[in-house]
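Fold and contact review
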Amino acid sequence: MNKRTLALIAGPALFTALSLWPESVNNGQLTMLGVLLWMLIWWISNAVPIGVTSLLPMILFPLTGILDLKGTTANYANPIIYLFFGGFVLGLALEKWQLHKRIALNIMKAAGESPQRIILGSMLATAVLSMWISNTATTVMMLPIGMSVVSLLQQKIDNPKTTRNFGVTLMLGIAYAANLGGMATLIGTPPNLVLAGLVEEAGLPALGFANWLFFALPLVILLFAMVYLLNTKVFFKLRLPQLSGFGQLIKNELRELGRMSTAEKRVLVVLSSTALLWIFRAQLNQWAPLANLSDTIIAITAAVVLFVSPSGNSLAKPLLDWADMTKLPWGILLLFGGGISLAKGMETTQMVDTVGLWISSAN
């Protein structure tokens, strides 16, 4: 029996065993635990696609009486999910018109030809882009640029160990920076919005884009500086001369992109306007007509604008069309709905309170 088959059987088997267990815990808590374990096993093992596993509460909650169908499906329309949807659409527009690559190359161009500054520029470009598009997409885009730099160094310096250290430092720097950048904004990475959704479901004050940014950005800057210093000064001490030719390499990449197109400029305007609206939303809410403006409304408005605005290449061709949405990770959006449903189910069955009591009694 392979691992996938074992996981496929183990999930529903645990759920069934706990559901049929004599009720020693009130409010269906054992059943809720069974749902939780089933979904965790399938999520961790990837026995079925993540999005499909996330739909299980729609089946199990109504059948077991944890929540009715209307109450369960409402979790899949949580405003937080649509905020992330809007963020995904912005990221797709950046990638489609290669604006993300232009931003990254210009940051690296400003870094100069010092190896330490090349690594700093690469990390900074990665972090800035990861604030708006997925960490994976940013890393995949930066990887070939980083490999080109390493190849250039190999041509300039005949020292395999030195070249290896530089390459490892550069690649690790890009990987760490992608994660750090994702931490900086609410839409930067899925866990941020999962937390925001759980906070909202718990009835606590909502985590807005600006609140998150002003809290997380200073922390990210501190961690970024620590990672850079440890990477270049402690673990891999770089004592290399100026990497002549790096500036020309970046110029060649920019030359291939050509002049900034009308579409890129319009995407940049939409992105900048959206970011400013998110940051100053609290102030805008003081004006009566915008009292109900939320981060989600701003995100969806930005998405609609991208589908409406012409790209400039042709009046009939907008900045985004529906064919571009095939790249959108719909499974992640369903994952949010499944996660919020689990939180709601645990709240309804008071499972969290019971677990807290068990922990308290154990101590």
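Cut-offs applied
Residues numbered from 1 in each chain as written. Predicted model: local features only at pLDDT ≥ 70, side-chain atom pairs only at ≥ 80, totals over all residues. Heavy atoms only, no water. Helix = DSSP H or I, 4+ residues; strand = E, 2+ residues; numbered from the N terminus. Buried < 20%, exposed > 50% of the residue type's maximum accessible area, 1.4 Å probe, protein only. Contact = heavy atoms within 4.5 Å. Areas by Shrake-Rupley, 256 points an atom, 1.4 Å probe, with all protein chains shown as cover. Phe/Tyr/Trp six-rings, centres within 6.5 Å; stacked < 30°, edge-to-face > 60°. Salt bridge = Lys/Arg side-chain N within 4 Å of Asp/Glu carboxyl O. Core = buried A, V, L, I, M, F, W, Y, C linked by side-chain atoms within 4.5 Å. pLDDT = per-residue confidence, 0-100.

Topic: the overall build of the protein
A count of helical and extended segments in the protein gives 18 helices and zero strands. A burial count over the protein gives 45% of its 363 residues as buried. Sequence separation of 24 or more characterises 73% of the internal contacts of the protein that already satisfy a separation of 6 or more. Roughly 18400 Å² of accessible area belongs to the protein as shown, and the carbon and sulfur atoms make up 66% of that amount.

A word on the packing of aromatic side chains
Using the criterion set out here, one finds nine aromatic pairs in the structure. Relative to phenylalanine 88, the ring of phenylalanine 84 lies with its centre 4.3 Å away and its plane at 65°, an arrangement referred to as edge-to-face. Of this pair, phenylalanine 84 and phenylalanine 88 are both found in helix α6 (residues 79-96), four residues apart, which corresponds to roughly one turn of the helix. The residues phenylalanine 84 and phenylalanine 88 share a single accessibility class, namely buried. Between phenylalanine 84 and phenylalanine 336 the ring centres are 5.1 Å apart and the planes differ by 70°, which places this aromatic pair in the edge-to-face class. Highlighted residues: phenylalanine 84 in helix α6 and phenylalanine 336 in helix α17 (residues 330-348), separated in sequence by 252 residues. The two residues phenylalanine 84 and phenylalanine 336 agree in class, both being buried. Taken together, Phe85, Phe307, Trp322 and Trp330 form an aromatic cluster joined through their ring pairs.

A closer look at the pattern of salt bridges
Going through the model one piece at a time under the given rule, you end up with three salt bridges. The partner of lysine 96 in a salt bridge is aspartate 324, and the shortest N-O contact between them spans 2.9 Å. Highlighted residues: lysine 96 in helix α6 and aspartate 324 in the loop between α16 (295-308) and α17, separated in sequence by 228 residues. Residue lysine 96 is classed as partly exposed on the basis of its relative accessible area, which comes to 27%. Taking the relative accessible area as the measure of exposure, aspartate 324 reaches 15% and is therefore buried. The residue arginine 102 makes a salt bridge to glutamate 264 at a minimum N-O spacing of 2.7 Å. Pair noted here: arginine 102 is in helix α7 (residues 99-111) and glutamate 264 is in helix α14 (residues 262-279), with a separation of 162 residues, a long-range link. Each member of the pair, arginine 102 as well as glutamate 264, is classed as buried.

Considering the nonpolar core
Ranked by size, the top nonpolar core spans 68 residues in total, and within it Trp132, Leu193, Trp278 and Leu306 carry the most contacts. A total of 11 residues in this core trace back to one element, the largest contributor, which is α6. If sequence neighbours within four positions are ignored, leucine 193 has contacts with Ile80, Leu83, Phe84, Leu186, Ile187 and Phe336. Core analysis: the second largest hydrophobic core is formed by 18 residues, Ala7, Val35, Val48 and Phe61 among them.

Examining unusual backbone geometry
Here asparagine 46, not a glycine, exhibits a phi torsion of approximately 55°, which is positive. Inspection of the secondary structure assignment puts asparagine 46 in the loop between α2 (29-45) and α3 (50-53). Phi at glutamine 98 takes a positive value of approximately 60°, unusual for a residue other than glycine. You can see glutamine 98 is positioned in the loop between α6 and α7.

Describing the confidence of the model for the protein
With 88% of its residues at a pLDDT of at least 70, the protein reaches an overall mean of 82. Element-level mean pLDDT values for the protein span from 58 in helix α18 (residues 351-362) up to 92 in helix α4 (residues 56-64).

A closer look at the side chain of serine 341
Its place among the elements puts serine 341 in helix α17. For serine 341, a relative accessible area of 0% translates into the label buried. For serine 341, the residues in contact, after removing those within four places along its chain, are Pro57, Phe61, Thr72, Asn75 and Tyr76.

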